[in-house]
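# Descriptive structure summary
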Amino acid sequence: MTPAPVKPPVTVADLERLDIRVGTIVQVDEVPKSAKLARLTVDFGDHRRTILAGIRKERADPRETCGKQALFVLNLPPRVMAGETSEGMLFDIGFADGVTPVLAQPESPVPNGTRAG
């Protein structure tokens, strides 16, 4: 793989506007109206959210992500996809570069809701 060019510069203030947090995936279900979306129920410590992620075609068994911590973007507006509402975005690694995606995970467990950055 040849790495993509570096994107245009952003300010630290731009980066600080993103709310990226660690959450534990506690349930993974298929989204009936989509061949690629999975419905993730994610524990962020003080609350749980439903986050839709296009991981069904990327993994042999998306349910293998259940119980794992990963990074999620939380301050995006809710988005309706395949008739269901997503309350954030899975922050994975590889998809944009054509590499089989993997979860962005902390190197050791941290409390759910811990902020990245």
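For the structure itself, consult the block above.
For the structure given in this document, a descriptive report is provided here. Because the structure is a prediction, the values reported are computed rather than measured.

## A closer look at the overall build of the chain
Assigned secondary structure in the chain consists of 1 helix and 9 strands. Listing each helix as α and each strand as β along the chain from the N terminus yields α-β-β-β-β-β-β-β-β-β. In terms of C-alpha radius of gyration, the chain reaches 14 Å, essentially the compact-globule figure of 13 Å for 117 residues. Summarising the internal contacts of the chain: among those between residues at least 6 apart in sequence, 54% fall at separations of at least 24. A total accessible area of about 7700 Å² is found for the chain, and carbon and sulfur atoms account for 55% of it. The positive charge centre, built from 15 side chains, and the negative charge centre, built from 15, are 5 Å apart in the chain.

## Considering the layout of surface pockets
In this model, the largest pocket occupies a volume close to 950 Å³. Every residue lining the largest pocket is counted, 26 residues in all, and those nearest its centre are Met89, Leu90, Phe91, Asp92 and Phe95. Looking at the lining of the largest pocket, the elements that each hand over two or more residues are strand 3 (48-53), strand 5 (79-81), strand 7 (89-90) and strand 8 (92-93). Estimates place the volume of the second largest pocket at around 240 Å³. Forming the boundary of the second largest pocket are Leu15, Glu16, Arg17, Leu18, Asp19, Ile20, Arg115, Ala116 and Gly117. Each residue belonging to the lining of the second largest pocket can be placed in one class, and the counts come to 4 nonpolar, 1 polar and 4 charged.

Rules behind the numbers
Residues numbered from 1 in each chain as written. Predicted model: local features only at pLDDT ≥ 70, side-chain atom pairs only at ≥ 80, totals over all residues. Heavy atoms only, no water. Helix = DSSP H or I, 4+ residues; strand = E, 2+ residues; numbered from the N terminus. Rg over C-alpha atoms; globule rule 2.2 N^0.38 Å. Contact = heavy atoms within 4.5 Å. Areas by Shrake-Rupley, 256 points an atom, 1.4 Å probe, with all protein chains shown as cover. Lys, Arg positive; Asp, Glu negative; His and termini not counted. Charge placed at Lys NZ, Arg CZ, Asp CG, Glu CD. 1 Å grid on protein atoms, 1.4 Å probe; cavity = no way out; pocket = protein on both sides within 12 Å on 5 of 7 lines; lining within 4 Å. Points joined across faces, edges and corners; volume = space filled by probe spheres on them. Nonpolar A, V, L, I, M, F, W, Y, C, P; charged D, E, K, R; others polar.

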